[in-house]
Every structure is written in C-alpha cells, then in structure tokens.
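Chain by chain, the residues run as shown.
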Amino acid sequence: MLHTRAAATLGSQERGLSSFADLPPGTGTGLAAAVGISGGEALMVDLVHDGPHAVVVGMTGSGKSELLTTWVATLCRDRSPREVTFLLVDFKGGRTFDALTRLPHVTGVLTDLDEAKAVRAVESLRAEITHRERMLAELAARDVSEAAGTLPRLVIVVDEYAALVATHPGLHEVFGDHAARGRALGMHLILASQRVAGSFRDAVLANAPLRVALRVTDAGESRAVLGTPAAAALSGAADARGLALVRRASDDAPVLVRVIPCPREALVTIAARAEAQAAGVVVRAPWLPALPASIRLESVRRAGEIVLGVMDEPAAQRQPVLTLEAGVAGFVVVGGSGSGKTEVLRSVAAQAARCAWLPADAEAAWDFGVALESQPPGTVICLDDVDAVLAR
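Cut-offs and rules
Residues numbered from 1 in each chain as written. Predicted model: local features only at pLDDT ≥ 70, side-chain atom pairs only at ≥ 80, totals over all residues. Heavy atoms only, no water. Helix = DSSP H or I, 4+ residues; strand = E, 2+ residues; numbered from the N terminus. Rg over C-alpha atoms; globule rule 2.2 N^0.38 Å. Contact = heavy atoms within 4.5 Å. Areas by Shrake-Rupley, 256 points an atom, 1.4 Å probe, with all protein chains shown as cover. Lys, Arg positive; Asp, Glu negative; His and termini not counted. Charge placed at Lys NZ, Arg CZ, Asp CG, Glu CD. 1 Å grid on protein atoms, 1.4 Å probe; cavity = no way out; pocket = protein on both sides within 12 Å on 5 of 7 lines; lining within 4 Å. Points joined across faces, edges and corners; volume = space filled by probe spheres on them. Nonpolar A, V, L, I, M, F, W, Y, C, P; charged D, E, K, R; others polar. Buried < 20%, exposed > 50% of the residue type's maximum accessible area, 1.4 Å probe, protein only. pLDDT = per-residue confidence, 0-100. Pairing = 2+ DSSP bridges. Axes fitted to C-alpha atoms, helices over the stretch in contact; angles between N-to-C directions. Patch = residues over 30% accessible without salt bridge, like charges linked within 9 Å, V, L, I, M, F, W, Y side chains within 5 Å. Salt bridge = Lys/Arg side-chain N within 4 Å of Asp/Glu carboxyl O. Expected span 1.5 Å × (residues − 1). Left-handed = near helix turned anticlockwise from the far one by under 90°.

### Re the overall build of the protein
Argument step 1. Within the protein, the regular secondary structure consists of 11 helices and 14 strands.
Argument step 2. Radius of gyration (C-alpha) of the protein: 28 Å, far over the 21 Å computed for a compact globule of 392 residues.
Argument step 3. By principal-axis analysis of the C-alpha atoms, the protein measures approximately 95 × 40 × 35 Å.
Argument step 4. Taking the contacts inside the protein whose residues are at least 6 apart along the sequence as the reference set, 65% of them involve residues at least 24 apart.
Argument step 5. When the accessible area of the protein is evaluated, it comes to approximately 18,800 Å², of which 53% is carbon and sulfur surface.
Argument step 6. Each charge class in the protein was averaged separately, 38 positive and 44 negative side chains, and the resulting centres sit 6 Å apart.

### Here we look at the layout of surface pockets
Argument step 1. Taken as a whole, the largest pocket spans an internal volume of roughly 780 Å³.
Argument step 2. Along its surface, the largest pocket is lined by 30 residues, and Leu 324, Gly 330, Phe 331, Val 380 and Ile 381 are the ones closest to its centre.
Argument step 3. Of all the secondary-structure elements, those providing two or more residues to the lining of the largest pocket are helix 9 (341-351), strand 14 (380-382) and helix 11 (386-391).
Argument step 4. When residues in the lining of the largest pocket are grouped by element, the largest group, 4 residues, is from helix 9.
Argument step 5. Taken together, the residues of the lining of the largest pocket break down into 17 nonpolar, 7 polar and 6 charged.
Argument step 6. Considered as a void within the structure, the second largest pocket measures approximately 340 Å³ in volume.
Argument step 7. Ile 295, Leu 308, Gly 309, Glu 343 and Ser 347 are, among the 17 residues lining the second largest pocket, the residues nearest its centre.
Argument step 8. At the level of elements, strand 11 (307-310) and helix 9 are the ones that each hand at least two residues to the lining of the second largest pocket.
Argument step 9. Class assignment for the residues of the lining of the second largest pocket results in 9 nonpolar, 5 polar and 3 charged.

### Notes on the environment of Ala 326
Argument step 1. Secondary-structure assignment places Ala 326 in the loop between strand 12 (321-323) and helix 9.
Argument step 2. For Ala 326, a relative accessible area of 81% gives the class exposed.
Argument step 3. In the structure, Ala 326 is positioned 128 residues away from Gly 198 in sequence and 52 Å away in space, judged by C-alpha atoms.

### Considerations on the confidence of the model for the protein
Argument step 1. Of the residues in the protein, 95% have a pLDDT of 70 or more, and the chain-wide mean is 88.
Argument step 2. Looking across the protein, the model is least confident in helix 1 (residues 2-13), with a mean pLDDT of 47, and most confident in strand 9 (residues 243-247), with 97.

### Overview of the sheet that holds strand 1 (residues 32-38)
Backbone hydrogen bonds are what pair the strands of a sheet, in a parallel or an antiparallel way.
Argument step 1. Sheet architecture is open: 10 strands sit in the order 2-1-10-9-8-3-7-6-4-5, paired in mixed fashion. Of all strands in the sheet, those bounded by a partner on one side alone are strand 2 (41-46) and strand 5 (106-111). If you compare each strand with its neighbour and ignore which way they point, the axes differ by 25 degrees on average.
Argument step 2. Relative to strand 5, strand 4 (residues 84-90) runs parallel, the two being bridged by 5 bridges. Its bridge partner being in strand 5, Phe 86 is matched across the sheet by Val 106.

### Things to note about a nonpolar patch on the surface
Argument step 1. Where nonpolar side chains cluster on the molecular surface, the patch consists of Leu 372, Ile 381, Leu 383, Val 386 and Leu 390 and spans about 410 Å² of accessible area.
Argument step 2. When you line up the elements, Ile 381 lands in strand 14.

### A look at the environment of Cys 76
Argument step 1. Inspection of the secondary structure assignment puts Cys 76 in helix 2 (residues 64-78).
Argument step 2. Along the chain, Cys 76 and Ala 272 lie 196 residues apart, while their C-alpha atoms are 11 Å from each other.
Argument step 3. Non-local contacts of Cys 76, meaning those with residues more than four positions away in its chain, are made with Phe 86, Leu 103, His 105 and Ile 270.

### Observations concerning helix 2
Argument step 1. With 15 residues, helix 2 extends 22 Å between its outermost C-alpha atoms, agreeing within 8% with the 21 Å of an ideal straight helix rising 1.5 Å per residue.
Argument step 2. Buried residues dominate helix 2, accounting for 13 of its 15 residues.

### Here we look at the packing of helix 2 against helix 8 (residues 264-277)
Two quantities define a packed helix pair, namely the angle between the axes and the distance from one axis to the other.
Argument step 1. The N-to-C vectors of helix 2 and helix 8 enclose an angle of 35 degrees; their axes lie 9 Å apart at closest approach. The two elements helix 2 and helix 8 cross, and the hand of that crossing is left-handed. Contacts between helix 2 and helix 8 pair Ala 73, Cys 76 and Arg 77 from the former with Leu 267, Ile 270 and Arg 273 from the latter.

This is the structure:
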C-alpha cells in the first residue's frame, strides 16, 4: 500500500513534466541523464559520478526496455559521438534497441538472433581495454577525463544479462574485468535483467553502485539490488508500467521515479542533429565483424609473398593477413571433403611464379615424382589429395 500511495502522489506531481521533450539536458563533465520524473522534477542519473556501472532489474512488462531506450536516447541527445558511444546487446529476442540503430553514437546492436556474433563482440572488448590503456599512456593521461575529445566514453548496455551469461558462463569473467577496470578507461556497463539470483557476480555488483529496480515478484530480488523489498511492492497495474526505484551511491534510500518513454520521432530528431554535429567524425567500433564467407585474393595479395588467408583475432581486435614465411620448405593443409583444401592450393598456385600439380592418376603421379628434381628452383609443387594418390 505504501508504494501504491507513493505512485499516486508521484502521478499528481509529474503533470508539469510529462514528455520526453520536457526532460532537461544533462550537464557537467560526467554522463548525467534525465530518465524520468520524481517529486515533480526530473531525476538525473550519472554513470560517471553515480557509477561507473549500473544494474537494472525488472520483470517482463515492467518498463525495463523503455527505461534503457530513454537512458541511451537522452545521453545521445545531450552529447556528441565525440563524447560518448554505445554498444547495445539484446539477449531477449532482438527488438529492444531497434529504434536506436539510427543514432550515430551507436557502434553496433548485437542480438541473440546472431548469438555467435554477439558473444564474439563481447569477448573482443578485452582488446578495447588494451586499446584504451595504450591511448591513455600515449596521451600521458591518468584517466579518460584527461583525454577529452580524443577518447569518447563507451557505454555497453545489455538487456537480459542473465540469459547472456547463463548461455555463456565464461562471459562472467569478461564483464567482471570490465567492471573492475572501466572507471579510469571510460568504459561503463548498464546491465539489465529480469532476475538477480545467479546473474550478477560479486565482481560486477561491487562496482555497480547505481541500482534501478522496476517491479519484481520476489522481495529477495529487490533486497539484492536496493537493500529493501520495496520493488516487490510496486503495483503490477497497467498504469504503473515504468515506475521504478532508483538508488544512487549518494542516496540514503531508493527514490521513486516514473520513466518517461522516448518516442520514435524524437529519435529521428536526435539522430539528425547528432549527424550534423559529428560530420566527419568516424566512430570507432570496439569490435570487428566476423570474417566474410569469402575474400578475394586481389584484395589481400602482396608482392613477393604468398598469402594463405586472413586470420581472425577478436580478442586482439585484429584480422591480419597470414603469409607463408620466407624460406619455409612447405606446408600441409588438412581438412575433410568440401572444406576448402583445394581452394587453398589454387590460391597459392595463383601467386606462384611457377607451379606444378601432382596428377591424380597413379602412374602419372609416379612419373611426376621421379621428375621432380628437374623442376626449376622456386617452383611450387601442389600435392592435392596426396593421401588418396598414395593409396592408389
């Protein structure tokens, strides 16, 4: 009853501020953003000063997705891509962040509809830590605040964090590492989930003092996030969607807030303004896309070298060309039928000045072997399906 009455009071106080356009801009050197109304005024949350990371919980239908969208949209409205960028991960069906893809601040939207890509990108964030450490060292900066204009803050937003780490438990360590090291590097996490139990490890919770709880069904979940069972007492009525309790590091008790949804037309305006402000700015993605299904040899060919392929090293944010080392006498390609063994040899042959192929016919293959010594120096000898030829 306490929170029902509080919600009614809140509703009567918020009539002066009732739309996204009414939310005031965030100011200062941090990442202050107005996400809703509390006590007749806009409630500000700041990932820098209240964070560096945030945990959000709420059951299905409580308004969690609207909160995340408003939070991201407000930050993009108030700051340019030079100041803040986003990586958005949606592990609950792939539609939460659809409307945000048009914003130039957003480096990518990853979903469980392409699970391998999403996990690969999150794992690549280890390399983003290294990149930022190197950049700060080059600038002689102690943290990202001393590198303003050179290194934007990166906010990683995950909707349904519990599903992500339940499917890939190894990512607990990745997020724990980010939580511990992110403050100085300007890397911030907003991790949202329907439940707390089994989802958030101590390494994350200890570094996420900014807590938001929409309606939950279990008092224990509310206590784990807010230190009070209050979120379990929030109404489940339709008009209570978007009611949340926010607890910042400086708050003695949670603050009741009504989230103000961001309409799609506002996102169009924000995107147009941001694109104009950031003309010529290349937003660096903190991850590389997976290698394509095929790569044209002409795009990677190198004079005087034999290119074997392109390597994928997501943990290092690199995709270097693999070449045959100078002076190597030969190499073996192993793979099943249809795996691409012959294509590798054809690619090598296309780059060689001289090439000779082992015939498939047993008698011709024998003659070929006898005559190998007569081949000119530097000739590349391609032995395709050599095990089958030897068997014959």
